[in-house]
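# Examination of the molecular architecture
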Amino acid sequence: MTPHEFITKWRDGGDERRDAQPFFEDLCKLIGHPTPREADPEHTWFTYEYGASKTTGGDGWADVWKKGFFGWEAKGTHKSLERAYEQLKMYADALQNPPLLVVTDLRSIVVHTNFTNAVKREIRFTVDQLDDYATRQILDAVFNNPEALRPGITRSAITQEAAEKFTRLAQALRARKHDPQAVAHFLNRLVFCMFAEDIGLLPSKLFTRMVTSSLTDPAVFEKRSGELFAAMHTGGDVAFENVDWFNGGLFDDDATLRLETDELKLLAEAARLDWSEIEPSIFGTLFERGLDPTKRSQLGAHYTDPDTIMKLINPVIVEPWLREWEEEKIALAKMASRATKKLSPAATKRFTTFLERLRAFTVLDPACGSGNFLYLALRALKDIEKRVLIEAEALGLGRQFPGVGPASVRGIEINTYASELARITVWIGEIQWMVQNGFGAKKNPILERLDQIENRDALLNADGSEAVWPQADVAIGNPPFIGDKKMVGELGEGYATTLRKTYAGRVPGGADFVCYWFEKANDAIRAGTMQRAGLVATNSIRGGKNREVLKHIVDVGRIFSAWSDEDWINEGAAVRVSLISFGMSDESARLDGLQVSEIYADLSGAHDGRSSDLTLARSLAENSRVAFSGITKKGSFDIGGDEARRQLAEAGNPNGRPNADVLFPWKNGDAVVGRDSDKWIINFAEKRESEAAQYQVPYEALAQVRTEREQTKAKGERENWWKLARRAPDMFQAVSTLERFIVTPEVSKHRVFGWLGRGVVPDKNLVVIARADDTTFGIVQSRAHGLWAARLGTSLEDRPRYTSSTTFRTFPFPQGLTPDIPAADYASDPRAQRIAAAAQALVEARDRWLNPPEWTERVPEMVAGYPDRIIAKAGHEADLKKRTLTNLYNTRPTWLANLHNDLDTAVAAAYGWPWPLTDDEILRHLFELNQSRTTAQ
């Protein structure tokens, strides 16, 4: 069919029942596409009246449906295309969410895009315009290539731009010393006004007109915005336009703030954005950063994408409900009369009971921030209900209006900015969903009060007693990530002390802040007041003291879904997290997307019985008092090498002692895996201040430390400002008789070990192993120990963390070569000799690569017995900077791999293992050894 023939036939339109299918088939002929009957005789992917197989008969959910392409709804000429679009939106889920929703009145055709995370686009043309090639290309894309019609801008991009403009407004208002909460409340109102206008709840572009007409007169805007807010409070008339009743607490009065001319121009620019397409799951987070001065540095930061959050919402909320609904559908189908195939009144009653339970289901986020989890949970529940209603209608249970709404979600948030934003996020999300799915926004009032999103502490009451969470069926959320060692600094010593005391016996001392949320959720599940929970934690929850809360969970219940090590954005920074779903569930467990028979507390899993639960590994007596953490400074105690040597050369202390008593080479993890930065440290150990002052130059060099410590919330550090925060006397005692000792960075991409010499002070991010023999070095540098450390430790971002407790003390050394035996006692053991030789060969080769003699020279240190300094020869400075253990192990050249193979073979022989073994086999052998020795103790 030619364009002219088509236009001649259809330019006057037609009747829906008589002409809809002939009109569609002529379009197929026009663009050379097979009709549904020609392309899909089985009616499975391209068909008329899709969904018409309902027991009640009648029309389907779309006049035409092409899977993955479009849903098509036709009306007779002069009928409402808006109503046709509303109908298509209502059944978009049942149509498997096609990228295009097309409506026609047989004279006009309107294509609505329906892509995920893309703004909506409307393309409208008439039959007469089909003589234009560009118009026919649009139609061709509908049938053959919907991607060609995808809008170029995403919802995320619009949201980012909107948040940035409002951030500038917030900064301007704060600069004029307005109350922070008043600024936040005012801007929240403006945000919602623009959204309400673009979604169709404020008439005739009322807000935009109000802004543009006031651009040159800030006083006029101040007056008119107050009038608008007053009307939205109860409903009323503004500028001859009827304004609905909004309120909900957001519009509880007519309070407003003055915006100056430049700010009004910025507001006008913001108003021109399509606020109906704002993405609620990220807007709150971005806007919060603009409103809260403490988060100003995060304004340009990324956000956590909704798909990642759904890795918790799906197993905790969506999948259990959909499984239950599938069971209900089977039961309801069995209740149909065999004669009439109609459902009985009992079936209707059963369905009503199910629907009432779904609508009464509640979700709590006990650290809800600006509401992104709550919004996504609400949307998920509304999607579930919509699916249930559509499929129930197909069963013959009649059509119903959605009943799930904001009352289904509850939140706790301590930050005042964030708590109000959470309410706005939920409001916007609710209205968007209702409008986008064809139901329209609720009225009278438009906004419900969301007092169930509370602004308070989720853990402690003001009197220090334990806070109580509101009743909810499930909990989800992203509690604060504050490490144990940072809790005093960030929360205050008083709060941290009270928190630990209140939860003593439940959350172990030394656990991170996030663990308290896990424990409270588990308490509620154990008490039967909550079914399931899905929470985010840094991936360090898999080990150390943190893991104890996961042990509590698996002791009384189960972890049924976990993602052990995922990317996440927290307070604007990229981190590595674990996503953990736990509680009541009979379904198979899934770990990192794969089915497992069980998930252990370290977030490893049992695969067909081949894996061991290494969380049951226990500390071994033979490994005690061997591994230690280094010192903690908490201040500028470190100085450069040149300054240290200047101070070492100073004489004349009133006590007659040299400064070498308190000045020592200082090494951290970077000095082991990178290049040594030639740092020293002033360490007065346990000396009283009067004693420290007699080392005059080093003491005076700590003036900056004194200033720093005066600001700290930790009383002990303030009163002992000249001392390192953690002096590690046990560690120094253990290495005092050794010429050298083994170290490994606590956190490192590669698990490598090195030697430090007598007198060197190791920093807190080094784990010290107080042994000087090559055999012990070889065993800990082996693959066996590396695997054990990776599984028993935790990680920081993507770097494994090694600890003296969970990784070293639990590791079973070969019998007869354990750390409680003096090295001299096994010096003649051939196993020890073979390991020592392999270890020596590895270390010597590494050292030659790190510091080639032709590039370096060794300079004796000023203090006798301290390690030599290694400096670059002229012309080789740049070359030497690249020689680091990290770079070496990143490339892992053949010579290095061969030396490690030799070492691993020697260590395996010492255990009496056949070689080679798989990782699982090695871990299983080590676990069995650990358990046998634990039992023997």
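Residues numbered from 1 in each chain as written. Predicted model: local features only at pLDDT ≥ 70, side-chain atom pairs only at ≥ 80, totals over all residues. Heavy atoms only, no water.

Tallying secondary structure elements over the chain gives 34 helices and 31 strands in all. The C-alpha extent of the chain, read off along each of the three principal axes, is 105 × 70 × 60 Å. A total of 937 residues make up the chain; the buried ones form 54% of that total. Counted over contacts in the chain with a minimum sequence separation of 6, partners at least 24 positions apart contribute 70%. (Helix = DSSP H or I, 4+ residues; strand = E, 2+ residues; numbered from the N terminus. Buried < 20%, exposed > 50% of the residue type's maximum accessible area, 1.4 Å probe, protein only. Contact = heavy atoms within 4.5 Å.)

Attention shifts here to the side chain of Gln452. If you trace the backbone, Gln452 turns up in the loop between helix 15 (416-436) and strand 11 (453-454). With residues up to four places along the chain from it excluded, the contact list for Gln452 reads Pro406, Ala407, Val409, Arg410 and Gly411.

This part takes up the pattern of salt bridges. In total, this model carries 60 salt bridges according to the counting rule given. With a shortest N-O distance of 3.2 Å, Glu650 and Arg646 are connected by a salt bridge. What makes Arg646 partly exposed here is its relative accessible area of 40%. Across the pair Arg727 and Glu686 runs a salt bridge, and its minimum N-O distance is 3.1 Å. One end of the pair, Arg727, is in the loop between helix 25 (715-719) and helix 26 (729-735); the other, Glu686, is in the loop between strand 23 (679-682) and helix 22 (689-692), with 41 residues separating them in the sequence. The partly exposed category is assigned to Glu686, whose relative accessible area is 46%. Linked through salt bridges whose partners overlap, the residues forming this network are Glu466, Arg506, Lys520, Asp523 and Arg526. (Salt bridge = Lys/Arg side-chain N within 4 Å of Asp/Glu carboxyl O.)

The subject of this paragraph is the nonpolar core. If you look at the biggest cluster of nonpolar residues, it comprises 106 residues, and the most contacted ones within it are Phe166, Phe192, Phe246, Trp275 and Ile317. Per-element tally for this core: the top contributor is helix 14 (residues 372-395), with 13 residues. Beyond its immediate sequence surroundings of up to four residues, Trp275 is in contact with Ala162, Phe166, Val191, Met194, Phe195, Asp198, Ala270, Phe283 and Gln432. Judged by nonpolar contacts, the second largest core, of 86 residues, contains Leu756, Ile779, Leu787 and Trp913. (Core = buried A, V, L, I, M, F, W, Y, C linked by side-chain atoms within 4.5 Å.)

As for its placement among the helices and strands, Ala377 is situated in helix 14. A sequence separation of 250 residues divides Ala377 from Ala627, and the C-alpha atoms of the two residues are 46 Å apart. Those residues in contact with Ala377 that sit more than four places away from it in its chain are Ile313, Ile317, Val363 and Ile476.

Our next topic: the environment of Leu389. Residue position: Leu389 is located in helix 14. With relative accessibility at 8%, the residue Leu389 sits in the buried group. On a C-alpha basis, the gap between Leu389 and Asp642 in space is 77 Å, while along the polypeptide they are 253 residues apart.

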